[in-house]
Amino acid sequence: TSMGRARWVQISGKPVYGDDGEFSGFRGAGEEITKRYEAQEAVRISEKKLSGILRLAPEGVITTTEEGIIQLFSQGAERIFGYSAKDMIGRNFEILIPGRFRSLHRSHVRRFGTGPLEYQKMNTRNEISGLRKDQSEFPAAASVSKLEIEGQKYFTVLLHDITHEKETEAELIRS
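Fair warning: this is a prediction, and the values are worked out from it, not measured in the lab.

K.L.:
Could you give an account of the layout of surface pockets, with specific residues and numbers?
P.N.:
Considered as a void within the structure, the second largest pocket measures approximately 170 Å³ in volume. For the lining of the second largest pocket, the secondary-structure elements that each account for two or more residues are β7 (137–149) and β8 (152–161).

This is the structure:
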């Protein structure tokens, strides 16, 4: 380093040894890769931040393929639904939807998947029903976004359990 700034160099070649068998250097070519290294480091830090945000967010974040296969299941989703991410990755999203809504869900996914929107609320009231591991249903506010990567569509659902809000609302109505 000169002036405190590190430079990264990638060397390709062969090690060179002196007559005494001591290493004396490399014979080959070197390429400065400082910018590439710094860019990779910035991506790594960005991914770490995103991972931390997903870990701490109280909302459930679930990403699926167009076919409904779960690719990401955040810790918020684990708390809300009662399943671990390990249990859910690779499974169909419909396990989280009460049976009476599954057909409707499939038609919404088809419509949204082929439509021009990249983001939408799950329905006009922004409220759906979810199904926990213990088979209890709960109300949730949800939105979905769509992203296409290399020809594959992915859907990400942001979901907030509104059980407490609904109970408070009912209590206010009763009083």
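K.L.:
Hey, could you go over the pairing of strand β1 (residues 9–17) for me, with residue numbers and the actual values?
P.N.:
For β1 and strand β2 (residues 23–32), the ladder comprises nine bridges, and the chain directions are antiparallel. Bridge pairing links Y17 to F23 in β2. Between the antiparallel neighbours β1 and β2 lie five residues, among them G21 with a positive phi of about 85°.

K.L.:
Tell me about the environment of R100, and please be specific about residues and values.
P.N.:
Among the structural elements, R100 can be located in the loop between α3 (85–88) and α4 (102–114). At 2.7 Å, the side chain of R100 and the side chain of E137 are in polar contact.

K.L.:
Describe the pattern of salt bridges, listing the residues and the values that go with them.
P.N.:
All chains considered together, the criterion is met by six salt bridges. Across the pair R44 and E41 runs a salt bridge whose closest N-O atoms are separated by 2.6 Å. With a gap of three residues between them, R44 and E41 both fall in helix α1 (residues 34–56), about one helical turn apart. Residue K166 is joined to E169 by a salt bridge in which the shortest nitrogen-to-oxygen separation is 4.0 Å.

K.L.:
Describe the side chain of T63, naming the residues involved and giving the relevant values.
P.N.:
Position of T63 relative to the elements: it lies in strand β3 (residues 60–65). Residue contacts for T63: discarding those within four places in its chain leaves I69, I70, Q71, L72, Y154, F155 and T156.

Rules used in this analysis
- All residue numbers here refer to positions counted from 1 along the written sequence of the relevant chain.
- Whole-chain, interface and lining totals are the exception, using all residues; otherwise, since this is a predicted model, local features are given only for residues with pLDDT of at least 70 and side-chain atom pairs are given and counted only at 80 or more.
- Values shown for side chains rest on all heavy atoms present in the structure; no hydrogens or waters enter the calculation.
- A cavity here means a set of 1 Å grid points, computed over protein atoms only, where a 1.4 Å probe fits but cannot escape. A pocket is an open set with protein on both sides within 12 Å along at least 5 of 7 lines, and lining residues have an atom within 4 Å of a point.
- Grid points are joined across faces, edges and corners, and a volume is the space filled by probe spheres set on the points.
- Think of it this way: any DSSP run of H or I at least four residues long counts as a helix, any run of E at least two long counts as a strand, and we number them from the N terminus.
- Strand pairing is assigned whenever DSSP detects at least two bridges linking the two strands.
- Polar contacts here mean pairs of N or O atoms no more than 3.5 Å apart (in protein, one a potential hydrogen donor and the other a potential acceptor; neighbouring residues in sequence count only if both atoms are side-chain atoms).
- Counted as salt bridges are all cases of a side-chain nitrogen of Lys or Arg within 4 Å of a carboxyl oxygen of Asp or Glu.
- Any two residues having at least one pair of non-hydrogen atoms within 4.5 Å are treated as being in contact.

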